[in-house]
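# Coordinate inspection notes
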Amino acid sequence: MNTLTIVLIVTLVSIVSFSYLYTAFADEYTYLGIKHKESPMVCIFEPHPEYTDMSEELIHVTEESVNLWEEVLQTYIPSGNWIMERTIIPIEEHHLKSPYDFPECNILLAFEHSGEDGILGYTHVNFSKSWHKYTHVNVFLNALNVSSKVNITLGNGGDINIGTDIRLDKLSLPVIQNIMTHEFGHALGVGHYKITDHPVSNQPWLTRSVMYHALDPYNDEIMVPQYVDAKMVELLYGSDGFGGEVPPRIAKVAHYSPGDAELCTFKCGISR
């Protein structure tokens, strides 16, 4: 099984992207240090026709990703305002333009052809302008795989040539939806969920958290935000949701223990 994961890079702005699997050193949930003050306007940017002939399908699975987050928040924090208005921006209205050309958009969801080796998508965070604070998600439609290749030629002395094998793997619609669901969590301001001390199945992102740092890009089972994901958003925005009373500032890293009743997952022995 090929397993890819997300790596968080923090600079003047923040970039969150999918990359190769690494080992977590603690069971934790992270934050990006930002949050939307009001109900965010979600703008879905139609993909370029040179990238895909499945524009309508991609827009549909993107809307499903937003719906899944809205539903889990309304289920576990019913007293909050979790409504996120959304609109679709046609390709002819956004081609060759920048996010600053869309000041009404707080969360921008878009598609690109392919990224670097192992990268499936990323979230760009820009809260540097007071007049337009936004998060910008880009999901790749193809996975670029680069692997080593060894050619051995038998003869006098035998030649050994080491090169690279490069291929593009077209990602399925369910996988693209899963990537978008994960990145949308980053767009809301939450980071990664890392697990080390509990037996984890070969599909931990299906049962633990959509913000788990790894996913299988060849598995078509749909990822759904979990209870712990909703509680992390609640800690960030408060139980009244977008535009409500601002909760106390929280640390960028939260660690779990069996006593964390409000954040318990499998570590508490409770299935939610």
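Quick note: structure is the one above.
Residues numbered from 1 in each chain as written. Predicted model: local features only at pLDDT ≥ 70, side-chain atom pairs only at ≥ 80, totals over all residues. Heavy atoms only, no water.

## So, the pattern of salt bridges
Taken as a whole and judged by the stated rule, the model has 2 salt bridges. In this structure, Glu 70 and Arg 86 form a salt bridge, with 2.9 Å as the shortest nitrogen-oxygen distance. Residue Glu 70 is located in helix α1 (residues 55-76), and its partner Arg 86 is located in strand β5 (residues 86-89); the two are separated by 16 residues in the primary sequence. A residue is classified by how much of its surface remains accessible, and Glu 70, at 14% relative accessible area, is buried. What makes Arg 86 partly exposed here is its relative accessible area of 23%. A salt bridge links Lys 231 to Glu 234; its shortest N-O distance comes to 2.5 Å. Of this pair, Lys 231 and Glu 234 both sit in helix α4 (residues 227-237), 3 residues apart, roughly one helical turn. Accessibility expressed as a relative area gives 18% for Glu 234, which makes it buried. (Salt bridge = Lys/Arg side-chain N within 4 Å of Asp/Glu carboxyl O. Helix = DSSP H or I, 4+ residues; strand = E, 2+ residues; numbered from the N terminus. Buried < 20%, exposed > 50% of the residue type's maximum accessible area, 1.4 Å probe, protein only.)

## Digging into the nonpolar core
Counting 42 residues, the largest nonpolar core has Trp 69, Leu 109, Ile 176, Phe 184, Leu 188, Val 190 and Val 233 as the members making the most contacts within it. Of all elements in the fold, only β3 (28-31), β4 (42-45), α1, β6 (107-114), β8 (134-153), α3 (173-188), β10 (190-194) and α4 reach the threshold of two or more residues within this core. Sequence-distant contacts of Leu 109, defined by excluding residues within four places in its chain, comprise Val 42, Cys 43, Ile 44, Phe 45, Thr 62, Val 66, Val 137, Met 180 and Phe 184. (Core = buried A, V, L, I, M, F, W, Y, C linked by side-chain atoms within 4.5 Å. Contact = heavy atoms within 4.5 Å.)

## Here we look at the environment of Pro 99
Take Pro 99: it is sitting in the loop between α2 (91-94) and β6. A C-alpha to C-alpha distance of 9.3 Å links Pro 99 and Thr 135, two positions 36 residues apart in sequence. Discounting chain neighbours no more than four positions away, the residues touching Pro 99 are Leu 108, His 132, Tyr 134 and His 136.

## What to know about unusual backbone geometry
Positive phi, close to 70°, is recorded for Leu 96, a residue that is not glycine. The topology assignment puts Leu 96 in the loop between α2 and β6. A residue is classified by how much of its surface remains accessible, and Leu 96, at 80% relative accessible area, is exposed.

## Topic: α1
For α1, spanning 22 residues, the distance from its first C-alpha to its last is 33 Å, which sits close to the expected 32 Å at 1.5 Å a residue. Of all the positions in α1, only Ser 55, Leu 58, Ile 59, Val 61, Thr 62, Ser 65, Val 66, Leu 68, Trp 69, Glu 70, Val 72 and Leu 73 are classed as buried. (Expected span 1.5 Å × (residues − 1).)

## Observations concerning the packing of α1 against α3
Running from amino to carboxyl end, α1 crosses α3 at an angle of 45°, the nearest separation of the two axes being 9 Å. Classified by the interaxial angle, the pair formed by α1 and α3 is oblique. In this structure, α1 meets α3 at a crossing whose hand is right-handed. In this structure, α1 uses Glu 57, Leu 58, Val 61, Thr 62, Glu 64, Ser 65, Val 66, Leu 68 and Trp 69 to contact α3, whose residues at the interface are Leu 173, Ile 176, Gln 177, Met 180, Thr 181, Phe 184, Gly 185 and Leu 188. Taken together, the residues that form the contact of α1 with α3 break down as 10 nonpolar, 5 polar and 2 charged. (Axes fitted to C-alpha atoms, helices over the stretch in contact; angles between N-to-C directions. Parallel < 35°, antiparallel > 145°, perpendicular 65-115°, else oblique. Left-handed = near helix turned anticlockwise from the far one by under 90°. Nonpolar A, V, L, I, M, F, W, Y, C, P; charged D, E, K, R; others polar.)

## Quick word on the state of the cysteines
Within this structure, the stated rule accounts for 1 disulfide. The disulfide partner of Cys 43 is Cys 105, and the S-S distance across this bridge is 2.0 Å. One quick way to see it: the torsion about the S-S bond of Cys 43 and Cys 105 is about -85°, and its sign makes the bridge left-handed. Here Cys 105 lies in the loop between α2 and β6 and Cys 43 lies in strand β4, a separation of 62 residues in the sequence. (Disulfide = S-S within 2.5 Å.)

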